[in-house]
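# Observations on the three-dimensional arrangement
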Amino acid sequence: QLEDSGGGLVQAGASLRLSCAASGRTFGRNCMGWFRQAPGKEREFVSAISWSGGSTSYADSVKGRFTISRDNGKMAVYLQMNSLSPEDTAVYYCAAAPWATITTTAKDYSDWGQGTQVTVSS
């Protein structure tokens, strides 16, 4: 089970930090990812991190602004989002893949959080 949190309403240029708390089975040796879905659009990949944390991947649209991290001891994953723009407005979902290495494909992820809304005003 995954529980997303940390979303909110902010102005353009602001920062937010999303958190994802995982239960035991969901946080085994899993690659963890963040996806987002804006109204009327398909769910898209944002970022992913390998089990060890040694490998990360980012969508081009967030590179240099977002940073993914994880704390395996706390069974948590984070997404630090800086320089937010209205184009980042979406529901953000944490997800777990059933293997340790990175995947950027949504269908590879087996467990999903309920989502947290991020709204960026101009």
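Quick note: structure is the one above.
Residues numbered from 1 in each chain as written. Predicted model: local features only at pLDDT ≥ 70, side-chain atom pairs only at ≥ 80, totals over all residues. Heavy atoms only, no water.

## Comments concerning the overall build of the protein
Per the secondary structure count, the protein includes zero helices and eleven strands. Each helix and strand of the protein, ordered N terminal to C terminal, gives the series β-β-β-β-β-β-β-β-β-β-β. A globule of 122 residues ought to have a C-alpha radius of gyration of about 14 Å, and the protein, at 13 Å, matches this closely. Its C-alpha atoms give the protein principal-axis dimensions of about 40 × 25 × 25 Å. The long-range share in the protein, meaning contacts at least 24 apart out of those at least 6 apart in sequence, stands at 59%. Counting 11 positive and 10 negative side-chain charges, the protein places the centres of these two groups 5 Å from one another. (Helix = DSSP H or I, 4+ residues; strand = E, 2+ residues; numbered from the N terminus. Rg over C-alpha atoms; globule rule 2.2 N^0.38 Å. Contact = heavy atoms within 4.5 Å. Lys, Arg positive; Asp, Glu negative; His and termini not counted. Charge placed at Lys NZ, Arg CZ, Asp CG, Glu CD.)

## Section: the nonpolar core
By size, the foremost hydrophobic cluster in this structure holds 35 residues, and its most contacted members are Met32, Trp34, Phe66, Leu79, Met81 and Tyr92. Among the elements of the structure, β3 (16-22), β4 (32-37), β5 (44-49), β7 (66-71), β8 (76-81), β9 (90-96) and β11 (116-121) are those that each provide at least two residues to this core. A total of five residues in this core trace back to one element, the largest contributor, which is β9. Setting aside its immediate chain neighbours within four residues, Phe66 contacts Arg36, Val46, Tyr58, Leu79, Gln80, Met81, Asn82, Leu84, Asp88 and Tyr92. (Core = buried A, V, L, I, M, F, W, Y, C linked by side-chain atoms within 4.5 Å. Buried < 20%, exposed > 50% of the residue type's maximum accessible area, 1.4 Å probe, protein only.)

## Some thoughts on the environment of Ser55
Secondary-structure assignment places Ser55 in the loop between β5 and β6 (56-58). A sequence separation of 51 residues divides Ser55 from Ala106, and the C-alpha atoms of the two residues are 18 Å apart. Ser55 has contacts with Ala48, Ile49, Ser50 and Ile102, leaving out every residue within four places of it along the chain.

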